[in-house]
Amino acid sequence: MKFNTKMKDIKNYEAGKPIELVVREFGIEPKDIVKLASNENPYGCSSKVKDAVSNILTKMSLYPDDSMMDLKAALAKRFDLKDENIIIGSGSDQVIEFLIHAKAQEGTKILMNSITFAMYEIYAKHVGAEILRTVSQEHDLDEFYEIYKKEKPSIIFICTPNNPTGDAIDAQKLFDFLMKIDSDTLVVIDGAYMEYAISKDSKKEVKPKELIEEFENVIYLGTFSKAYGLGGMRIGYGLACSNIIKELYKLRPPFNVTTLSLEAAKVALGDEEFVKNSVVANFSEMKRYEEFVNEKKIDIIESYTNFVTLCLNPSQNSSQIANLLLKKGMIVRDLSSYNMNAIRVTIGTKEQNSRFFELIQEIL
Ligand SMILES: *Cc1c(COP(=O)(O)O)cnc(C)c1O
């Protein structure tokens, strides 16, 4: 059978291996498996969310409220925006899909960092867009601007903090950069880890309201999958001026977010204490990673997120190391598909991290 010729070029997204798969493949007991591969919140989610979701299980037979009124109101309040500035997706992933499909077509140029979130490229390939990348490993806005001037891309992706490297851009520098970009170029600011970055360094805080008030060509993406601990609920959002949101809405399938997810996200937004505690614990555990790599002479990239990227020596092969860890029940992310000899490790609970130190020490 022949398929859309664009399909040939598309690689599957390589998700962190689920615990169930490691149980089956290696016969390891679930209790002996630690997953530090998908940047999930190791402390789960707010207990208020669990209560709220269990209280609405009877609503499962009904379609969700497709206006998403309650969650939109909560997001509007949080960011001091209006409903018309918000679109909610099945993960912010889905919003990325909408915006690429809305703006790009065959041959459209899309600029992104040399190493960044893989879904930008996958959706870009759906429409046959041309992908341009910087050379520098961390976001260098000067380099972005040089390429922009020469190539005039239609979309620019800025992931801050960046996945999978963990570096973040100063908000002021980003603002200055945006001032120089033509209003027909859509700039996507992916803030999937912003809750972490803000707590480490307030200079990294990108404020969606300021962006949207100033720029009609910018969309900010957020997710409930990381700091809010709701990866399994598949819910995220895009914030932009109403003109952009209106276009994206044309691509939104009806009922794209479940009733349970909408409720979970709304209640999660209301429990700031939970997020704060998770973030504080995250950075306190990150210190242990920093000490560990210092001692072992491994390089890490300074991280503003809930993961660290360990750059290995040439004598250590990241795929091999990730595999050896896997056989011992420790799931991490090998970054060789990003052309990096590195592994990305989500910062887990104290016990999970200790286990990681133990196992990696055995292997190295
Ligand atoms: C996790 C992540 C997302 C989106 O996650 P969803 O679960 O689809 O909301 C988006 N961007 C980056 C950089 C991420 O790491």
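Computed from a predicted model, the values in this text were never measured in an experiment.

## Some words on the sheet that holds strand 4 (residues 130-133)
- Across the sheet, which stays open at both edges, the seven strands sit in the order 2-8-7-6-5-3-4 with mixed pairing between neighbours. The open sheet has two edge strands with one neighbour each: strand 2 (86-89) and strand 4. Going from strand to strand, the sheet's axes swing by 20° on average, the running direction of each strand aside.
- In this structure, strand 3 (residues 109-112) lies alongside strand 4, joined through four bridges in parallel fashion. Within strand 4, the residue paired with M112 across the bridge is R133.
- Helix-sheet contacts for helix 7 (residues 171-179) involve strand 5 (155-159), strand 6 (186-190) and strand 7 (218-223), and the interaxial angle to strand 5 is about 175°.

## Notes on the site of the ligand
- In the vicinity of the ligand lie 13 residues, with D190, T223, S225, K226 and R234 positioned nearest.
- A distance of 2.5 Å separates an oxygen atom of the ligand from a polar atom in the side chain of S225.
- One nitrogen or oxygen atom from the side chain of R234 is found 2.6 Å from an oxygen atom belonging to the ligand.
- In the complex, 94% of the free accessible area of the ligand, which totals 380 Å², lies under the protein chains.
- Class assignment of the residues belonging to the shell around the ligand gives a composition of four nonpolar, five polar and four charged.

## Notes on the nonpolar core
- In terms of nonpolar packing, the biggest core is built from 116 residues, with I100 and F356 touching the most fellow members.
- In terms of residue count, helix 12 (residues 272-296) provides more of this core than any other element does, eight residues in total.
- The two domains that each donate at least three residues to this core are domain 1 (5-45 + 273-363) and domain 2 (47-270).
- When neighbours within four sequence positions are excluded, I100 is seen to be in contact with I110, Y120, Y123, A124, V127, I155 and F157.

## A look at a nonpolar patch on the surface
- Residues M1, F3 and M7 make up a contiguous nonpolar surface patch of roughly 450 Å² in combined accessible area.
- Note that M7 resides in the segment before helix 1 (19-26).
- On the accessibility criterion, M7 (47% relative accessible area) is partly exposed.

## As for the domain arrangement of the chain
- With domains assigned, the chain is organised as domain 1 (5-45 + 273-363) and domain 2 (47-270).
- For domain 1 and domain 2, the distance between their C-alpha centres works out to 24 Å.
- Contact with domain 1, which involves 32 residues of that partner, is made by 38 residues of domain 2.
- The largest share of the area that domain 1 buries against domain 2 comes from C45, Y304 and Y338, three residues that together contribute 26% of it.
- At the junction of domain 1 and domain 2, the tally comes to two salt bridges.
- Linking K200 and E302 is a salt bridge whose minimum nitrogen-to-oxygen distance equals 3.2 Å.
- Mapped by element, the contributors of at least two residues to the side of domain 1 that touches domain 2 are helix 12 and strand 10 (307-311).
- Per-element accounting of the side of domain 1 that touches domain 2 gives the leading share, eight residues, to helix 12.
- Looking at the side of domain 1 that touches domain 2 residue by residue, the classes come out as 14 nonpolar, 11 polar and seven charged.

## Let's talk about helix 12
- With 25 residues, helix 12 extends 36 Å from end C-alpha to end C-alpha; this agrees with the ideal 36 Å at 1.5 Å per step.
- The set of residues buried in helix 12 consists of F274, V275, S278, V279, N282, F283, E285, M286, Y289, F292 and V293.
- One or two residues past the end of helix 12 sits K297, with phi positive at roughly 60°.

## Some points on the pairing of strand 13 (residues 342-346)
- Across the five residues that make up strand 13, a large majority, five, are buried.
- Where burial is concerned, the two faces of strand 13 agree: the one with A342, R344 and T346 and the one with I343 and V345 are both buried.
- Examined bridge by bridge, strand 12 (residues 333-334) and strand 13 share two bridges and lie antiparallel to one another. Residue pairing for strand 13: D334 is matched across the bridge by I343.

What counts and what doesn't
Residues numbered from 1 in each chain as written. Predicted model: local features only at pLDDT ≥ 70, side-chain atom pairs only at ≥ 80, totals over all residues. Heavy atoms only, no water. Pairing = 2+ DSSP bridges. Helix = DSSP H or I, 4+ residues; strand = E, 2+ residues; numbered from the N terminus. Axes fitted to C-alpha atoms, helices over the stretch in contact; angles between N-to-C directions. Contact = heavy atoms within 4.5 Å. Near = heavy atom within 4 Å. Polar contact = N/O pair within 3.5 Å; in protein donor to acceptor, adjacent residues only side chain to side chain. Areas by Shrake-Rupley, 256 points an atom, 1.4 Å probe, with all protein chains shown as cover. Nonpolar A, V, L, I, M, F, W, Y, C, P; charged D, E, K, R; others polar. Core = buried A, V, L, I, M, F, W, Y, C linked by side-chain atoms within 4.5 Å. Buried < 20%, exposed > 50% of the residue type's maximum accessible area, 1.4 Å probe, protein only. Domains from an automatic or database assignment. Patch = residues over 30% accessible without salt bridge, like charges linked within 9 Å, V, L, I, M, F, W, Y side chains within 5 Å. Salt bridge = Lys/Arg side-chain N within 4 Å of Asp/Glu carboxyl O. Buried area = accessible area lost by both parts, 1.4 Å probe. Expected span 1.5 Å × (residues − 1).

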